[in-house]
Amino acid sequence: MIPHTKPSFGKEEAEACYDYMISGNYVTEFKYTKQFERMIEEFTGAKHCIVVNNGTISLTIAFLALDLQPGDEIIIPNLTMVASLNAATLIGLKPIFVDVTSSTLTLDTSDLQKFITPGKTKAVLHVSLNGKCGNLNELREFCDLNNLYLIEDAAQSFGSFYDNKHLGTIGHIGSFSFSIPKIISTGQGGALITNDDEIADKIRKIKNFGRAGGGDHNYEMFGINAKFTDIQAVIGIEQMKKLPERIKRKKEIWKLYLDELNTIDEIEILNYTDDGWVPWVIDIYTENRDDLLKYLKEKGIDTREQYPVLRQLEKFSVSEYYSSRGVWLPATMEITNDEIKYICNCLEKYFCEHFPQV
Ligand SMILES: *Cc1c(COP(=O)(O)O)cnc(C)c1O
């Protein structure tokens, strides 16, 4: 089976973990966590990075740091991983769903004013699905004009830039995930970035029981424990060193698939050409998805379906359409060019057999 997702760690991570463990450190977050945070700040250009235990709680912490209250409304795209929504409902925020655009499958901002209730709507959650986005500068301006916070769920966008800015740096807060399928991983893990000193300070306290340091009882605000570990950090530091190579390879993988699959009429590919874009998943769209997935499985090709929509409503026609047709093809760091060719050949064969040209 050609796997769809696979962890990608090597002897660099193994040796770093070994060296760390025999050095007599505390394992919980400390010096290496700070070093990992500094590397992310440097890479993204954000003033502050705070790592946490995953990319779901990171979003909840972002909402708390912005003082969002139970009952406050938050705009959420109808097509995203369920974590984006659940991070908001966990603290009683009221999601207001908005459809996505067909060009990027990200929040349709063309008529956003319509979804804003003055006094009630407090924030917009933008999700850069597969590293893509629409005009984020314009969205930030819109949010500023309407007194709304812009939070970027950039879990799938580590490494991706828009308008020379790393995704996650255009909103008030950006959030990343380092779970196994993401471009770099620490097993589990998440990070928040912001350019605002006050917000950064709050995030640091919220993830640490509401206090600034360790070992005291000075709880300045509400907080939970969402701390990282130095073991994850030493892995993350090695993964960061591999990031430029991974970005290059992801772009190559996309190009290889695109060149082969562009000629198949029954497959729709969203062509996005931003130079800063790092294709994280290889997503194709087609009718009769179930048949195709069965066929690919028989050929030893592991796939995933695009996310289900969050709300099934007639008016969300774009998210419904792409959600029901989307297939993610294998795109691991280990996939070979020959395997990509094989997958493309299987797809060509499938569509020739099932949709013969007349
Ligand atoms: C992966 C992901 C998350 C959740 O991150 P975890 O670290 O798995 O909690 C949230 N939002 C999006 C868009 C994701 O892809």
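Residues numbered from 1 in each chain as written. Predicted model: local features only at pLDDT ≥ 70, side-chain atom pairs only at ≥ 80, totals over all residues. Heavy atoms only, no water.

(A) Region of interest: the environment of I206. Following the sequence through the fold, I206 ends up in helix 6 (residues 197-206). Given the relative accessible area of 1%, I206 is considered buried. Not counting residues up to four positions away in its chain, the partners in contact with I206 are I61, L64, A65, M221, F222, G223 and I224. (Helix = DSSP H or I, 4+ residues; strand = E, 2+ residues; numbered from the N terminus. Buried < 20%, exposed > 50% of the residue type's maximum accessible area, 1.4 Å probe, protein only. Contact = heavy atoms within 4.5 Å.)

(B) Expanded view of the site of the ligand. Neighbouring the ligand are 16 residues; G55, T56, D153, S177 and K182 lie closest to it. Within the contact set of the ligand, an oxygen atom lies 2.8 Å away from a backbone nitrogen or oxygen of G55. A distance of 3.2 Å separates an oxygen atom of the ligand from a polar atom in the side chain of K182. Of the residues contributing to the shell around the ligand, the split by class is five nonpolar, nine polar and two charged. (Near = heavy atom within 4 Å. Polar contact = N/O pair within 3.5 Å; in protein donor to acceptor, adjacent residues only side chain to side chain. Nonpolar A, V, L, I, M, F, W, Y, C, P; charged D, E, K, R; others polar.)

(C) Geometry of the side chain of H126. Inspection of the secondary structure assignment puts H126 in strand 4 (residues 121-127). Classification of H126 by relative accessible area gives buried; the value is 2%. Setting aside anything within four residues of it in sequence, one finds H126 in contact with T106, L107, K132, C133, G134, L136, L139, L150, I151, E152 and D153.

(D) Highlighting the pairing of strand 10 (residues 282-285). A two-sided burial pattern is seen for strand 10, the buried positions comprising I282 and I284 on one face and D283 and Y285 on the other. The pairing of strand 10 with strand 12 (residues 326-329) spans four bridges and is antiparallel. Each residue of the ladder has a partner; that of Y285, found in strand 12, is G326. (Pairing = 2+ DSSP bridges.)

(E) Summary view of the packing of aromatic side chains. Under the definition given, this model contains 15 aromatic pairs. Seen in terms of ring centroids, F43 and F158 are 5.8 Å apart; in terms of plane orientation they differ by 35°. Their pairing is tilted. Taken together, the positions of F43 in helix 2 (residues 31-44) and F158 in the loop between strand 5 (149-153) and strand 6 (161-162) put the pair 115 residues apart, joining distant regions of the chain. Its relative accessible area of 3% is what places F158 among the buried residues. Centre to centre, the rings of Y307 and W328 are 5.1 Å apart; their planes meet at 90°, and the pair counts as edge-to-face. Of this pair, Y307 sits in the loop between strand 11 (304-305) and helix 9 (317-325) while W328 is found in strand 12, placing the two residues 21 residues apart along the sequence. What makes W328 buried here is its relative accessible area of 8%. Ring-pair connections join several aromatic residues into one group, and the members of that group are F36, F43, F158, F161, F176, F178 and F228. (Phe/Tyr/Trp six-rings, centres within 6.5 Å; stacked < 30°, edge-to-face > 60°.)

(F) Looking closely at the packing of helix 2 against helix 7 (residues 230-261). Running from N to C, helix 2 and helix 7 cross one another at 25°; their axes reach a closest spacing of 7 Å. Compared by their axis directions, helix 2 and helix 7 come out roughly parallel. Helix-helix and strand crossings are classified by hand; for helix 2 and helix 7 the assignment is left-handed. Facing K31, Y32, T33, Q35, F36, M39, I40 and F43 of helix 2, the residues of helix 7 in contact are D230, A233, V234, G236, I237, M240, K241, L243 and I247. Taken together, the residues that form the contact of helix 2 with helix 7 break down as 11 nonpolar, three polar and three charged. (Axes fitted to C-alpha atoms, helices over the stretch in contact; angles between N-to-C directions. Parallel < 35°, antiparallel > 145°, perpendicular 65-115°, else oblique. Left-handed = near helix turned anticlockwise from the far one by under 90°.)

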